[in-house]
Every structure is written in C-alpha cells, then in structure tokens.
Amino acid sequence: MAARCNALTVLVPIQTDIEGCWRLETVLKEIGQDTLHNPHIPFHSLKATHFLRWVIVPGSGRRMLAFEANFDGSVGEFLDDLIRVAGKTLRERIYCHCDLPRDASDEELQGFLLDHALPESLFYRGYPGLTVESIDNDARVRELINEYLALPREGRLRQGRELQEDIRRYLERAQPVPRLDPEPLPWKTRLLRTRFVRTFLAGLSLPVGIPLGLALLCQEALEVATEKVRAFAGRREPVVHAYGDEDASRLGELLGHEDFATQNQLTHVVDLKPGLLRLPLIKLAFRYWGYLATYYFDEGKLGGIEGIHFARWVLVKDGQEGGKRRLLRRAKYRVLFFSNYDGSWESYLGSFVDRASIGLTTIWCNTEGFPRTRLLRRPFRLELGADREEAFKQWVRQHQVPTQAWFTRHPDKSISNIANNREIRSRVRVRMSPERTRQWLLCL
C-alpha cells in the first residue's frame, strides 16, 4: 500500500540578536540560492520529501521562523530522515538562533521540532496516491520509452499493439527493471471516485455550506454598515487598503524567488479579523472545504484548478488583544497559507479568481484587508471579494512573504506531467483495444 502524503509545519520564535538574525538569513539565503549544490543540506538525500521550505515571517514583537514540508509516510519517519541528512545544519546553523542548544542530541532536536509543530486547518494533496518513489519510477519509464523510440532501426516504426509489445519487452530488459504494473485500488477508493457517489457526498454538505455562506454575508454586511456609521460620525475613516511604498519595494524581493522552474511557491500570512464569530466561521469554512477536497473534487484539481501540488492553511495563535481588562482580552490569530503550484503567479491567482472565488472568499473574507464582497446593480449580481481580480491580487501581494529557502524534488514536472507519466506506465502491460492503444500512444 502506498505511503500517505503528509505535511509538517513548525513555527518557532527567533530569539537571537541582530547579528544572529543576519547569520540565520545568510544561511537560508545560501540554501535557497542553489538547493542542489548548497554547502549545508544535500536535499536529494532525503528519501521521501516532495517539497520543503524555510520562511522568516513577521510576528507580534519578534520574527518567527516557519518550516513547512510535504512528504510520504509519517511525521516521525520524515524527521528521522531529515535529521539524518541535515541534523548538524539544523542544530548549529538554523535552530541555534531559536533557543535550541548547539549540542542538542538528535532526540532533543526532534522533540524541539515536534513541540513547535502546528496542526493543519486545511491540507490539500494534488496526487494523494503517488509517492516520491513512484513519481521517479514513472519518469524513468517515460525516459526509457523515449530512448527506445529514438533508437535507429531499419524499416518503418511498428504501430498499435505491436509497438506496445516492443516497448514492453524493451522496458522488461532494462536494468533495474522499473515497476510497470498499475497500483491496485481498494474497492472503497474506486467507489468514492465515481461521479454519482461524489455528487451525493457533495450534496450532504449543503446543510452546512448554505448557512455558512449566509452567516459570512451577514457578517460582511454588518461590518460595512458599522464602517459607514463610524465614518459618518467622524470616528473612523472607511478602511482603504492602498498599495504602499513598502509593498512596492518588497515586490522585487518576491519576484526574485519566483519563476525559476515549472513549479512555484507561495507563502502568505495575514491577521484574522477581530470579533467573536470570526474564529468559528473560518474553522467551519476550513472543515467544509476540507470535506469537499477529500470527497468531491477530482484528483489533481482543487475547485476545478489544476496545477496545485500541495496547499496548506494553518491557524496560528499570535498574542492577545482587547486592552488591559482581563475579561475583554481575547487571543489574536493569523492565517498562514503555503502553496506549491505549477506555472506563474499571475496564472495561478487568475485560476483562483476564475474557478474558486467562492472557496477563497469564504476562507479569506475572515482576514484583514481582504476585498469586500459587494452588490452590483448593473448587471445585478453579487461580486465576491476574490472576484475583484486586481484588488484580490494586490491583497495577496501585500501579505505574501518572501520564501528564503525552497526545495522541490521534481522541479520540472507539472501535475499533468506526473499524471501523464502514471497513465503511460500503468498501461504498458495492459491489453487494450486498437482505439485505446492509439490513445495510449498519443500520451507518449
């Protein structure tokens, strides 16, 4: 049975002085500039890691170091592998600036990371049944087939079933022989993937989804009315979120970490709005979309968006607000979002706007500065916050954090590449009709 894709998020306060901060940033920068050949961590020695990153994020009073990873297997197995490969760097170059002793043992380092681990609020996997090992195997099968097709031969290249047989024999003579058989799918998984069952399970979520949407709309209308009353009374100006000079200067740093490969990364941090209902509403939204991501959306597509490898939202408790009176104090929260996706930032955000604005709005309308949902008169319609493309993209950039170090195991493979390679490999030994054989060959 394939290992389950998993994730780990660790958030620790940076305890060091200015010079220590500079040393930490320097190490992360050296790692991030060349993940394959950096002098600190041999990432490709990690056995089952898909993605991994370190990000310095602002916090209340001091900065925090966030670590996020997507991997196969359990958290314990991943940490054992990570510490085996990078234990010295973690102790002596990174987490020594976060109150971890430089001479900490492997067990103490693992305990330190687990003590600061955060549970995910919503975690999406683009290819839940595929491990690092199986993706590598499928890519090798594809390479061997291309190698066979490029061989010089006399006469014309054979077609159809004969060509499939030739390819199979060529693959079975390779050393070592790649795995060619399709993964056996349990009956429960096959049943859950049928359209009828997925539609039925999605229908079961409506008694939660409809009240959730209405509650968020009422909350939004109440806040708009409150802002207008305060503005009319001269107590407070309506909130206007302009793109400031600081945002403009940071944009260059963000762009410097994007578009180096087929895949990209995004790290986003924003404060949760104050109010008694915001925390339960966003938690309910996470549960609702987590349910649909598991039981309704097609594999490899989140809300119709193809190209998201892994996405993860995490709620972080970040101090208190409410003044000096103890009874009025309440916890402040922030929403962290980590994403690994295909293509450019513009196309990624554009897909969100076109196909998943409802999902994004129900989650992020609970956070500071998110574009307001508004009622348009001509044409008469409700324009969600994420439908307002320019305002939405500006808001994302304002709260996006530069990712100092980011590792991807398969930088040149998109979701469609991975799925196509799996399809090719799983049908090498399958006896198919002429038409299906032709379709299979077209995948090459």
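Right above here is the structure, for reference.
Remember, predicted model here, so these are calculated numbers, not experimental data. (Residues numbered from 1 in each chain as written. Predicted model: local features only at pLDDT ≥ 70, side-chain atom pairs only at ≥ 80, totals over all residues. Heavy atoms only, no water.)

Caption draft 1: Broad picture of a nonpolar patch on the surface. Among the surface-exposed residues, Leu206, Ile210, Leu214, Leu217, Leu375, Phe380 and Leu382 lie close enough to one another that they form a single nonpolar patch of about 700 Å² accessible area. If one sorts the elements of the nonpolar patch by residue count, helix H8 (residues 206–232) sits on top with 4 residues. By the element assignment, leucine 214 lies in helix H8. (Patch = residues over 30% accessible without salt bridge, like charges linked within 9 Å, V, L, I, M, F, W, Y side chains within 5 Å. Areas by Shrake-Rupley, 256 points an atom, 1.4 Å probe, with all protein chains shown as cover. Salt bridge = Lys/Arg side-chain N within 4 Å of Asp/Glu carboxyl O. Helix = DSSP H or I, 4+ residues; strand = E, 2+ residues; numbered from the N terminus.)

Caption draft 2: The arrangement of the sheet that holds strand S4 (residues 117–118) in detail. The strand order S4-S1-S3-S2-S13 describes an open sheet built from 5 strands, whose pairing is antiparallel. Pairing within the sheet leaves two strands with one partner each, and these edge strands are S4 and strand S13 (405–408). Here strand S2 (residues 49–57) runs beside strand S3 (residues 64–72); their pairing, made up of 8 bridges, is antiparallel. The residue bridging tryptophan 54 from the neighbouring strand is phenylalanine 67, located in S3. (Pairing = 2+ DSSP bridges.)

Caption draft 3: The nonpolar core, seen in detail. Counting 41 residues, the largest nonpolar core has Trp313, Val335, Phe352, Ile363, Trp364 and Phe392 as the members making the most contacts within it. Aside from chain neighbours lying at most four places away, what touches phenylalanine 352 is Ile305, Ile308, Ser357, Leu360 and Phe392. Within the second largest apolar cluster, 36 residues are counted, among which are Val27, Ile31, Ile56 and Ala405. (Core = buried A, V, L, I, M, F, W, Y, C linked by side-chain atoms within 4.5 Å. Buried < 20%, exposed > 50% of the residue type's maximum accessible area, 1.4 Å probe, protein only. Contact = heavy atoms within 4.5 Å.)

Caption draft 4: Fine view of the packing of aromatic side chains. Enumeration over the complete set of coordinates arrives at 24 aromatic pairs. A ring pair is formed by phenylalanine 370 and phenylalanine 392, whose centres lie 6.0 Å apart and whose planes are at 75°; its orientation type is edge-to-face. Residue phenylalanine 370 is located in the loop between helix H12 (357–364) and strand S11 (374–376), and its partner phenylalanine 392 is located in helix H13 (residues 389–399); the two are separated by 22 residues in the primary sequence. The class for phenylalanine 370 is buried, based on a relative accessible area of 5%. (Phe/Tyr/Trp six-rings, centres within 6.5 Å; stacked < 30°, edge-to-face > 60°.)

Caption draft 5: Up close: the environment of alanine 231. By the element assignment, alanine 231 lies in helix H8. Among the residues examined, alanine 231 registers a relative accessible area of 25% and is labelled partly exposed.

Caption draft 6: How the structure looks around the pattern of salt bridges. Tallied over the entire structure, the rule returns 28 salt bridges. Linking glutamate 120 and arginine 312 is a salt bridge whose minimum nitrogen-to-oxygen distance equals 2.9 Å. One end of the pair, glutamate 120, is in the loop between S4 and strand S5 (122–125); the other, arginine 312, is in strand S9 (residues 308–321), and 192 residues separate them in sequence. Accessibility expressed as a relative area gives 1% for arginine 312, which makes it buried. Each member of the salt-bridge network shares a partner with another, and the members are Arg161, Glu165, Asp166, Arg168, Arg169, Glu172, Asp181 and Arg429.

Caption draft 7: Structural detail: unusual backbone geometry. The peptide bond linking glutamine 175 to proline 176 adopts the cis configuration, its omega dihedral lying at -5°. Relative to the elements of secondary structure, proline 176 occurs in the loop between helix H5 (160–173) and helix H6 (187–192). With a phi angle near 75°, aspartate 99 is a residue other than glycine that sits in the positive phi range. As for its position among the elements, aspartate 99 is in the loop between helix H2 (75–94) and helix H3 (106–115).

Caption draft 8: Region of the structure containing the pairing of strand S6 (residues 263–271). Within S6, 8 of the 9 residues are buried, which leaves it mostly tucked inside the rest of the structure. Bridge count for S6 against strand S10 (residues 330–342) is 9 bridges, and the pairing is antiparallel. Bridge pairing in S10 links glutamine 265 to asparagine 340.

Caption draft 9: Summary view of the state of the cysteines. Within the structure shown, the criterion is met by 0 disulfides. Here cysteine 21 is not cross-linked by a disulfide; its sulfur's nearest cysteine counterpart is in cysteine 98, at 8.8 Å. (Disulfide = S-S within 2.5 Å.)

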